[in-house]
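Next come the chains, spelled out residue by residue.
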Protein chains: 4
Amino acid sequence: MFYGVALQSRLMLGTAQYPSPAVLRAAIAASGTQVITVSLRREGPEGARFREIVAGSGCRILPNTAGCHSAREAVTTARMARELFGTNWIKLEVIGHADTLQPDPFALVEAARILCAEGFEVFPYTTEDLVLGERLVEAGCRVLMPWGAPIGSGQGLRNVEGLRAMRAHFPDVPLVIDAGIGTPSDAARAMEMGFDAVLLNTAVARAGNPVAMARAFARAVEAGRLGFEAGLMPRRDMARPSTPVFGMAELG
Amino acid sequence: MFYGVALQSRLMLGTAQYPSPAVLRAAIAASGTQVITVSLRREGPEGARFREIVAGSGCRILPNTAGCHSAREAVTTARMARELFGTNWIKLEVIGHADTLQPDPFALVEAARILCAEGFEVFPYTTEDLVLGERLVEAGCRVLMPWGAPIGSGQGLRNVEGLRAMRAHFPDVPLVIDAGIGTPSDAARAMEMGFDAVLLNTAVARAGNPVAMARAFARAVEAGRLGFEAGLMPRRDMARPSTPVFGMAELG
Amino acid sequence: MFYGVALQSRLMLGTAQYPSPAVLRAAIAASGTQVITVSLRREGPEGARFREIVAGSGCRILPNTAGCHSAREAVTTARMARELFGTNWIKLEVIGHADTLQPDPFALVEAARILCAEGFEVFPYTTEDLVLGERLVEAGCRVLMPWGAPIGSGQGLRNVEGLRAMRAHFPDVPLVIDAGIGTPSDAARAMEMGFDAVLLNTAVARAGNPVAMARAFARAVEAGRLGFEAGLMPRRDMARPSTPVFGMAELG
Amino acid sequence: MFYGVALQSRLMLGTAQYPSPAVLRAAIAASGTQVITVSLRREGPEGARFREIVAGSGCRILPNTAGCHSAREAVTTARMARELFGTNWIKLEVIGHADTLQPDPFALVEAARILCAEGFEVFPYTTEDLVLGERLVEAGCRVLMPWGAPIGSGQGLRNVEGLRAMRAHFPDVPLVIDAGIGTPSDAARAMEMGFDAVLLNTAVARAGNPVAMARAFARAVEAGRLGFEAGLMPRRDMARPSTPVFGMAELG
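The model shown is predicted, which means the values in this text are computed figures rather than measured ones.

Take the pattern of salt bridges next. Within this structure, the stated rule accounts for 32 salt bridges over all chains. The salt bridge partner of Glu229 of chain B is Arg225 of chain B, with a shortest N-O separation of 2.9 Å. With Glu229 of chain B and Arg225 of chain B both in helix α9 (residues 210-230), this residue pair falls 4 residues apart, about one helical turn. The shortest N-O distance in the salt bridge between Asp196 of chain C and Arg167 of chain C comes to 2.7 Å. Here the residue Asp196 of chain C occupies a position in the loop between α7 (184-192) and β8 (197-200), and Arg167 of chain C occupies one in helix α6 (residues 160-169), the gap between them amounting to 29 residues. Accessibility classification places Asp196 of chain C together with Arg167 of chain C in one group, the buried group. One network of salt bridges, in which partners are shared, links Lys91, Glu93 and Asp178 of chain A.

Take a look at the structure:
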């Protein structure tokens, strides 16, 4: 449940960097996603075409504040997004670093406080920092979106122990791995660790075949979630036979 | 193509260790597999029940020589299996070690030579050793089944670089990761690396819910294969923005 | 150079958890360290004995604010430490979490600002967060001490990519890996990555033989630093022969 | 004890690929090694110069059969080496693959049998394969030299679990990690895992500064061994404070 909304699909999809609008549309369909993130900052004729696709997708829109580097800028962008898209949902990105696109913990909390107070339902793009996570929850966030790795890096889950600690620390807060996912197996692993959903963009948009890759991630997210719910086997240091022996070959 | 047989599903399933025959039957169905491995060594009333399930599954049978510790024993077991199951297919296991269930490279090649000469279509359970793989191919094997990790360990792919080298070294030999897979994400990763299929048993049979886990692995294998075919994004050290910016928020 | 002080040894040592004062003294000597951290909070007869060892070690004292959970508490503790130990150096710990001992980014910056303004030379125990690091530098810190992993966990460097990014981002700030180091090889690796020093405690104090382990870490830190300066060989995907062949065996 | 010889240094050094004879000589001295491997195949004037350095090093010579691709070739080379260097020690390399320099398990056992029967004291370059290891021991080898990774790759220990299993399986056989070591921390880790020594070449010879790197590895091997003997702290999932608190700051 993300702010009271139940979703069938646990895959959320970004909409940037696709080779063409047609591919974007097809990838959204293939992914089975119900939530797509969109940047406010699409202007001109291309922007119109883009918004048409978004509207036609049947997905819930999660506008984002990508490209914002201060709380003020992010808040202003969020307000514009609410007006334009008619939703209280906002994916809050406040980037502290142009090179790694790391969130700015300080500006993030500041912007989250303002937006939550204004009735926004905030999905903050954050790190695996537990204290930062707590501050965001205190600010009113009911979902957290920790990164797997820097945006666009495809490094997967680069601090697995830190993410495990985060999952354990916030058992009741929906947690979405956002950014860094590079492969379907990365996404499956995140789900096996008990995360509630995965948001990705580059790994699909920049795949050789984005539509097929969207389908791959859809399956991977399902696989990981099913595996998590089904109860993974324990990992063993010592091997045991998986084919017990009920008889003996007759040796001539 | 495995010895001329084209399969829709790239997941092969073992049949040992299930909590009950009913669960085994349901897990086979949920997995979508077309190939199940069975041990010859099932005797008595339970054995009859077991063979009934196997026959009713609609799957192709891949008998195995699990529990054999010498070439002679494995060859004898393979011959009995051919008679009993009416197939030339044989999953050749010759175990050198009770504790790790590591293949015995020497006995494996010896048994493979004999069996190939007798018209068997041999699926050897092997390590990632390139020279051993070559010997098996020279012996007549047209498929290789390298381990991911020791049988039943659930350690996943414990020598990723070695397995990559093996995939690169045998571009035209169907390679099936057999043993060690613990999680759906392990299976997806094996497929992303270009392996042709995955064979597993414990990870499903010993899951909290084997039927749901069988479904999870079916999705994971599809996800990994689709991802491999779709072309994974390159991994980057430096992050790049995945949401390009087309405009600027108006700051009051 | 740490606040203008050049050190011969790049190993800093904590003084808690040793089995006895004698072992502590011997471990300090064996480590070759020139900087030891001490907690203010040692009272009573044991405290006197402890301070005697510290004074007799010949090491520079780096008092810490271990156990502080707010900026106010840390600042007060730092002031008391300055009085007691007669040094402006302070290892600033503000713990956000009892269970993981993760730094509190917000209180850390707040306390660092106050202490730097009061003339302290602050060594902040921080995470690998780049933005947090920048704020600490802006506050006046001339050294940063990122964690390898949670205090006392012995997990080593659990976010290697994040730490690499931090090293690259602060080329001119002395960076000391503080906490999480479990093994000599962990310490060597940190040094190979270009970190300026390593601070550890549990891995020595809780070793089977703390004195021998102190010696091990001394060697490891030297090894890693020498390796870093000597220029590590590039890692290769493809192997190459390390013994080139200048002749041929005569085969009879 | 390696064939009855006790060594002070647990670092063995190869002698190929150095930028100059002078650097080789200095690196040997800096490493503190007592065993150097040399290839028979050095002919001509350079060969004479090389043998002079080797003789002057004061080290025990461990001739190797590098570049041999069959048992017969290796055996012939070993015999020539015994004559030339006047030692029964032989590092037995039989390479199955030009690209990865992987040992050929079959030819290796064959050659080991012949050489042990002829009174050689064989140090076989092998994989982490347990069955292969047993065959070599049965053939008369009293030392095993498993690879960390392919020769010259600098990948470190690429199958840590497999190497751990090998160490556990051969508690009484001296095991030397040979090949693949890229960094001092790799060497330290091998020693922490309980291996008896490390043999390396490329990581020193191809370092920016080979002499300094030789010193780095000397320290690293000592560090790892000391750490192993001193008893490494247990790794914990949950962090614990390393600075226990004996008092409380007075908050004004």
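Another aspect to go through is the packing of helix α1 (residues 21-31) of chain A against helix α9 (residues 210-230) of chain A. How two helices pack is summed up by the angle between their axes together with the distance between the axes. Residue and element names in this part refer to chain A. Taken N-terminus to C-terminus, the directions of α1 and α9 make an angle of 20 degrees; their axes are 8 Å apart at the nearest point. As judged from the angle between their axes, α1 and α9 are roughly parallel. Considering how the two elements wind past one another, α1 and α9 form a crossing that is right-handed. Between α1 and α9, the residues in contact are Val23, Ala26, Ala27, Ala30 and Ser31 and Pro210, Val211, Ala214, Arg215 and Ala218, respectively.

Another aspect to go through is the packing of α7 of chain C against helix α9 (residues 210-230) of chain C. Residues and elements named next belong to chain C. The contact between α7 and α9 brings their axes to 7 Å, and the two run at 25 degrees. With respect to their mutual orientation, α7 and α9 come out roughly parallel. When you trace α7 past α9, the crossing you get is right-handed. Contacts between α7 and α9 involve Pro184, Ala187, Ala188, Met191 and Glu192 on the former and, on the latter, Met213, Ala216, Phe217, Ala220, Val221, Gly224, Arg225 and Phe228. Along the lines of polarity and charge, the residues of the contact of α7 with α9 split into 10 nonpolar, 1 polar and 2 charged.

Criteria and cut-off values
- Residues numbered from 1 in each chain as written.
- Chains lettered and ligands numbered in written order.
- Predicted model: local features only at pLDDT ≥ 70, side-chain atom pairs only at ≥ 80, totals over all residues.
- Heavy atoms only, no water.
- Salt bridge = Lys/Arg side-chain N within 4 Å of Asp/Glu carboxyl O.
- Helix = DSSP H or I, 4+ residues; strand = E, 2+ residues; numbered from the N terminus.
- Buried < 20%, exposed > 50% of the residue type's maximum accessible area, 1.4 Å probe, protein only.
- Axes fitted to C-alpha atoms, helices over the stretch in contact; angles between N-to-C directions.
- Parallel < 35°, antiparallel > 145°, perpendicular 65-115°, else oblique.
- Left-handed = near helix turned anticlockwise from the far one by under 90°.
- Contact = heavy atoms within 4.5 Å.
- Nonpolar A, V, L, I, M, F, W, Y, C, P; charged D, E, K, R; others polar.

Spatial relationships are all this shows, so hold off on functional conclusions.
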